[in-house]
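# Remarks on the overall topology
Single-letter residue listing:
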Amino acid sequence: MKPLLADMLFRLCRDERGVTLVEYGIAITLAVTVGAAGFVALGGEIGVATVAAGAEMPN
């Protein structure tokens, strides 16, 4: 039983098919995090600019 388990673990370590899926997951997580941080950082400035633009428009 032990050689079978060792063989399975060895094959699992050599298998690189799932690596790209993990890399895509990390890239998507990073992009979402950076995008959310950008929206939070610029949210106040965008609100101020929108209010200022609205105040300049004629009624």
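Residues numbered from 1 in each chain as written. Predicted model: local features only at pLDDT ≥ 70, side-chain atom pairs only at ≥ 80, totals over all residues. Heavy atoms only, no water.

### Considerations on the overall build of the chain
Cut-off, in case you're wondering: Only DSSP runs of H or I covering at least 4 residues are called helices, and only runs of E covering at least 2 are called strands; the numbering of each starts at the N terminus. Relative accessibility thresholds used throughout: buried, under 20% of the residue-type maximum; exposed, over 50%; partly exposed, between the two (1.4 Å probe, protein chains only). What sets the accessible areas is the Shrake-Rupley method with a 1.4 Å probe; for residues, cover comes only from the shown protein chains.
If you tally the helices and strands in the chain, you get 2 helices and 0 strands. Every one of the 59 residues in the chain was classed for burial, and the buried ones make up 0%. Surface accessibility of the chain: about 5,600 Å² in total, with carbon and sulfur atoms responsible for 74%.

### Considerations on the UniProt feature "transmembrane region" (unreviewed entry) in the chain
Definition in use: UniProt positions are given in the numbering used here, feature names are shortened, and annotations may be inferred rather than shown by experiment.
Mapped onto the present numbering, the UniProt feature "transmembrane region" (unreviewed entry) falls at residues 21-42. Spanning residues 21-42, this segment combines 100% helix with 0% strand, and its end C-alpha atoms are found 31 Å apart.

### Some details on a nonpolar patch on the surface
Put simply, the test is: Each patch is assembled from residues with relative accessible area greater than 30% and no salt bridge, linking like charges that lie within 9 Å and nonpolar side chains (Val, Leu, Ile, Met, Phe, Trp, Tyr) that lie within 5 Å. Here, a salt bridge means any Lys or Arg side-chain nitrogen found within 4 Å of an Asp or Glu carboxyl oxygen.
A grouping of Tyr24, Ile28 and Val32 is seen on the molecular surface, where their side chains present a nonpolar patch of about 360 Å² in accessible area. Looking at the element boundaries, Ile28 is found in helix H2 (residues 19-56). For Ile28, a relative accessible area of 55% corresponds to the exposed category.

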